[in-house]
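What follows is the residue order along each chain.
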Protein chains: 2
Amino acid sequence: MQCLVLGAGGFIGTNLCRSLLMKGHTVRAFGRRQSFPEALRGCDWIPGDFADPASLASTISGCDVVFHLVNATTPASANVDKVADLNANVASTLHLLEACRETGVSRVVFVSSGGTIYGIPDQVPTPETASTNPITAYGISKLAIEKYLGLYEYLHHLDYRVLRVANPFGPYQTALKNQGVIAAFVRRALTGQHIEMWGDGCVIRDYIYIDDVVEALILAATHQGPNRIFNIGSGEGRSLNDIVAAIARLLEVDILVERRPARSVDVPVSILDTTLAAQDLTWQASTQFEEGLRVTIAWMKSMH
Amino acid sequence: MQCLVLGAGGFIGTNLCRSLLMKGHTVRAFGRRQSFPEALRGCDWIPGDFADPASLASTISGCDVVFHLVNATTPASANVDKVADLNANVASTLHLLEACRETGVSRVVFVSSGGTIYGIPDQVPTPETASTNPITAYGISKLAIEKYLGLYEYLHHLDYRVLRVANPFGPYQTALKNQGVIAAFVRRALTGQHIEMWGDGCVIRDYIYIDDVVEALILAATHQGPNRIFNIGSGEGRSLNDIVAAIARLLEVDILVERRPARSVDVPVSILDTTLAAQDLTWQASTQFEEGLRVTIAWMKSMH
């Protein structure tokens, strides 16, 4: 496949590009900056801003599959300026879809947010059919993009798949934008610093190792069948306190936790039901949490 | 109540303002233009553009309830320029909600779209819990606004109610923006012109008389209870061919129909399940269709 990865310089993007290359695909890697330029060797790196329609249009031409991994905001920052979030994510995606339609892209694979799109879930584990009432503008933007993807398929036959990804972790996650608690916690533990934690640490998330996410993304690029939206998670819930304990165990250190007030953007529990992906994408998370954490720690050590 | 009606110069707005005044409320009527200035006598008319945040902020101060009836686009026009639709409706509403929060508005009542928000319905009649997959950007904008209302209540305790209104008809509907088939059909029949119809006339809609919609809006302004979103429709389906036949019968004329190709924005059937509004708002449509049509025809005759 001739692939375009938007947001290629980020955590998921870097891992996806490497895996696509290894499988023999041609990869255009588009992004604002590369955190790890050497990791993207072999890709055609195209620097550009997703919010600039002109820089996108010329990039798309000739691509079969477009992976849309761009997050212009974070759950916390999106709530601060909701209009900016709407423009940077949703309006920019509309420009992208228009360009995809004009250039005859075969499929768009979009990374949505399994952790925020359902809001406070009425079912746990949460299936794709659950109600979607985000408590962050970030989640609303993701939901709106999903709906516009449906509209473009209906109106213009632009094929798409959506992966509602839980909390991914692994190599190339930097925690620079206040996302990625595992990366943040490991980095602080490795440098002997205390960990800052919002709330009492009982917030439960579904952490999924990045290789499993990348596998799902590549399966989604060629999936056939009527379903469009798939949860991608481990199906297991872990509290922040569990995470700290696991890191302390693997590093064989004591970790000091400094607690801060709970944040309104954090739902109390998020665990995804991935039955549909298992049935339809023949995908399931295959990396054990502790094994993924071990690899992540080894990678972070190698970066120091 | 001190009420602000946004989009007061339009069809629903004009009827709502008149009814609020009759019930003794104080009404600020905000809009770009008044189609029927004499109908809004007694309101404090404030000319302004919803897309201009500055003109909104000063208008809101001191209001208890804000009725948001603004449609900057139509289902057909929204699909043509989806980014413009997003800006004019969703981004502008975010500015409104921010202003409501700052000025301490008690409640926002938003008119959403019962006819487009569900897309091609998987249940008919369609309850509020049905899936929402609009086939127009218009419907996606309405859905996004509903989600942002939920977010503002969650984050900032701004109370709201949403009415997903079916296809309203009645006095003060002008069919100027290619909406309102009944107004359009009656006007052409009254002037002896043929009727233009998209598709084969089998498209089924839920037509609701405007007085019933206005009653629901006023109930929604003071409703207490946990539900936020209510379908407002007659619960009955009528085809375009039914409508033409009913108009011909009441006017005692033959009507010539010129058929045009079906439009992609038209779902084949839309009938709302209004059980929740009956239970929770103690509301139900009380105007018989033929009676509403009779009053509408009489009003349109009086305008000629």
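Looking at this model, I keep getting lost on the overall build of chain A. Mind explaining?
Per the secondary structure count, chain A includes 10 helices and 13 strands. Computed over C-alpha atoms, the radius of gyration of chain A comes to 18 Å, within 12% of the 19 Å expected from 2.2 N^0.38 for 304 residues, which places it in the range of a compact globule. Taking the principal axes of the C-alpha coordinates as reference, chain A spans close to 55 × 45 × 40 Å. Taken over 304 residues, chain A has a buried fraction of 50%.

Sorry, what's going on with helix α10 (residues 289–303) of chain B here?
Working note: α-helix, 3.6 residues per turn, so residues spaced by three or four point in the same direction. All names here are of chain B. Look at α10: 21 Å from first C-alpha to last across 15 residues, which is about the 21 Å you get at 1.5 Å a residue. By the burial criterion, the buried members of α10 are Gly292, Leu293, Thr296 and Met300. In a view along the axis of α10, the buried residues occupy a sector of 100°, so they form one face of it. The outward face of α10, more than 90 degrees from its buried face, is lined by the exposed residues Glu290, Glu291, Ala298, Lys301 and Ser302. For α10, the secondary structure elements touched by its buried residues are β7 (167–169), α6 (181–190), β10 (207–209) and α8 (240–251).

What exactly am I supposed to notice about the sheet that holds strand β2 (residues 26–31) of chain B here?
The strands that make up a sheet pair up through hydrogen bonds in the backbone, lying either parallel or antiparallel. Residue and element names in this part refer to chain B. Read across the sheet, seven strands follow the order β3-β2-β1-β4-β5-β6-β11 without closing on themselves; strand pairing throughout is parallel. Looking along the sheet, the strands with just one partner apiece sit at the ends: β3 (44–47) and β11 (229–232). When strand polarity is set aside, the average angle formed by the axes of neighbouring strands in this sheet is 20°.

Before we go on, may I ask you to explain helix α7 (residues 210–222) of chain A in this structure?
Residues and elements named next belong to chain A. When the terminal C-alpha atoms of α7 are compared, their 19 Å separation across 13 residues agrees well with the 18 Å that a helix rising 1.5 Å per residue should span. For α7, the tally of buried residues reaches 10 of 13 residues, placing the bulk of the element in the interior. Taken together, the buried positions of α7 are occupied by Ile210, Asp212, Val213, Val214, Glu215, Ala216, Leu217, Ile218, Ala220 and Ala221.

I would appreciate a short explanation of the interface of chain B and chain A in the present structure.
How large an interface is tends to be reported as the accessible area lost when its parts come together. Each partner contributes to the interface: chain B provides 22 residues, whereas chain A provides 22 residues. Among the elements of the structure, α4 (82–103) and α5 (137–156) of chain B are those that each provide at least two residues to the side of chain B that touches chain A. No other element matches α5(B), which puts 10 residues into the side of chain B that touches chain A. Partitioned by chemical class, the residues of the side of chain B that touches chain A number 15 nonpolar, five polar and two charged.

Looking at this structure, how should I read the confidence of the model for chain A?
The predicted coordinates should not be examined in detail at positions where pLDDT is low. Residues at a pLDDT of 70 or more form 99% of chain A, whose mean pLDDT is 94. Here the predicted complex carries an ipTM of 0.94, next to a pTM of 0.96.

I keep staring at the relation of the copies chain B and chain A and nothing clicks. Help me out?
The operation linking the two copies of the chain is a rotation about an axis combined with a translation along the axis. Superposing chain B onto chain A requires a rotation of 180° together with a translation of 0.0 Å along the rotation axis, leaving an RMSD of 0.0 Å. Such a combination of rotation and displacement between the chain copies is what one expects of a two-fold axis. If distances are taken from each C-alpha of chain B to the rotation axis, the shortest is found for B:Ala144, at 3.2 Å. Both copies contact each other with a shared surface, as 100% of the interface residues of chain B are interface residues in chain A too.

Just to check I follow, could you spell out the sheet that holds strand β6 (residues 159–165) of chain A for this structure?
Residues and elements named next belong to chain A. Reading across the sheet, the seven strands line up as β3-β2-β1-β4-β5-β6-β11 and stay open at both edges, with parallel pairing between neighbours. The sheet terminates laterally at β3 (44–47) and β11 (229–232), the two strands that pair on one side only. Ignoring strand direction, the axes of neighbouring strands in this sheet form an average angle of 20°. The pairing of strand β2 (residues 26–31) with β3 spans four bridges and is classified as parallel. Of the residues in β3, the one forming a bridge with Phe30 is Ile46. Contacting β1 (2–6), β2, β4 (65–68) and β5 (107–113), helix α1 (residues 11–22) runs over the sheet at an angle of about 165° to β2. Across the sheet, α7 touches β4, β5, β6 and β11, and the angle it forms with β6 is around 165°.

Is there a simple way to explain the packing of helix α6 (residues 181–190) of chain A against helix α10 (residues 289–303) of chain A in this structure?
Two packed helices can be described by the angle between their axes and the distance between those axes. Residue and element names in this part refer to chain A. α10 packs onto α6 with a crossing angle of 55° between their chain directions and a minimal axis gap of 10 Å. What the angle tells us is that α6 and α10 run oblique. The handedness of the crossing between α6 and α10 comes out as right-handed. Counted together, Ile182, Val186, Arg187 and Leu190 of α6 and Thr296, Ile297, Met300 and Lys301 of α10 form the full contact between these two elements. Classifying every residue of the contact of α6 with α10 by side-chain character gives five nonpolar, one polar and two charged.

It is not clear to me how the environment of B:Thr222 should be interpreted in this structure. Could you clarify?
All names here are of chain B. With respect to the helices and strands, the residue Thr222 is situated in helix α7 (residues 210–222). Exposure remark for Thr222: the 14 C-beta atoms within 10 Å place this residue in the partly exposed category. For the pair Thr222 and Arg107, spaced 115 residues apart in the sequence, the C-alpha separation amounts to 8.6 Å.

What should I look at first to understand the nonpolar core in this one?
Side chains of nonpolar character tend, in soluble globular proteins, to be buried together. Counting 186 residues, the largest nonpolar core has A:Val5, A:Phe67, A:Leu217, B:Val5, B:Phe67 and B:Leu217 as its most contacted members. Those residues in contact with B:Leu217 that sit more than four places away from it in its chain are B:Leu16, B:Phe67, B:Val109 and B:Leu163.

Mind showing me how you'd approach the pairing of β1(A) here?
A regular strand carries its side chains on alternate faces of the sheet. All names here are of chain A. Extensive coverage of β1 is indicated by the burial of four of its five residues. Strand direction decides the pairing type here: β1 and β2, joined by five bridges, are parallel. In the sheet register, Leu6 faces β2, and the bridge partner there is Phe30. In this fold, β1 hands off to α1, which returns the chain to β2; that crossover is right-handed. In the sheet, β1 pairs with β4 via four bridges, with the strands oriented parallel. Bridging from a neighbouring strand, Leu6 pairs with His68 of β4.

Can you help me understand unusual backbone geometry in this one?
Excluding glycine, residues mostly have negative phi values, and the peptide bonds linking residues are mostly trans. Residue and element names in this part refer to chain A. Look at the link from Val124 to Pro125: it is a cis peptide, with omega at -10°. Assignment of secondary structure puts Pro125 in the loop between β5 and α5 (137–156). Here Thr282, not a glycine, exhibits a phi torsion of approximately 45°, which is positive. Summarising the element assignment, Thr282 is placed in the loop between α9 (275–280) and α10.

Teacher, can you tell me more about the packing of helix α8 (residues 240–251) of chain A against α10(A) here?
All names here are of chain A. α10 packs onto α8 with a crossing angle of 60° between their chain directions and a minimal axis gap of 11 Å. Judged by the inter-axis angle, α8 sits oblique to α10. The handedness of the crossing between α8 and α10 is right-handed. Mapping the contact onto sequence places Ala246, Leu250 and Leu251 in α8 and Glu290, Leu293, Arg294 and Ile297 in α10. Of the residues assigned to the contact of α8 with α10, the class counts are five nonpolar, no polar and two charged.

Each value, and the rule that gives it
- Residues numbered from 1 in each chain as written.
- Chains lettered and ligands numbered in written order.
- Predicted model: local features only at pLDDT ≥ 70, side-chain atom pairs only at ≥ 80, totals over all residues.
- Helix = DSSP H or I, 4+ residues; strand = E, 2+ residues; numbered from the N terminus.
- Rg over C-alpha atoms; globule rule 2.2 N^0.38 Å.
- Buried ≥ 20, exposed ≤ 12 C-beta atoms within 10 Å, placed from the backbone.
- Expected span 1.5 Å × (residues − 1).
- Arc of directions from axis to C-beta.
- Contact = placed C-beta atoms within 7 Å.
- Pairing = 2+ DSSP bridges.
- Axes fitted to C-alpha atoms, helices over the stretch in contact; angles between N-to-C directions.
- Nonpolar A, V, L, I, M, F, W, Y, C, P; charged D, E, K, R; others polar.
- pLDDT = per-residue confidence, 0-100.
- Least-squares fit on C-alpha atoms with pLDDT ≥ 70 in both.
- Parallel < 35°, antiparallel > 145°, perpendicular 65-115°, else oblique.
- Left-handed = near helix turned anticlockwise from the far one by under 90°.
- Core = buried A, V, L, I, M, F, W, Y, C linked by C-beta atoms within 7 Å.
- Right-handed = clockwise from strand over helix to strand, strands pointing away.

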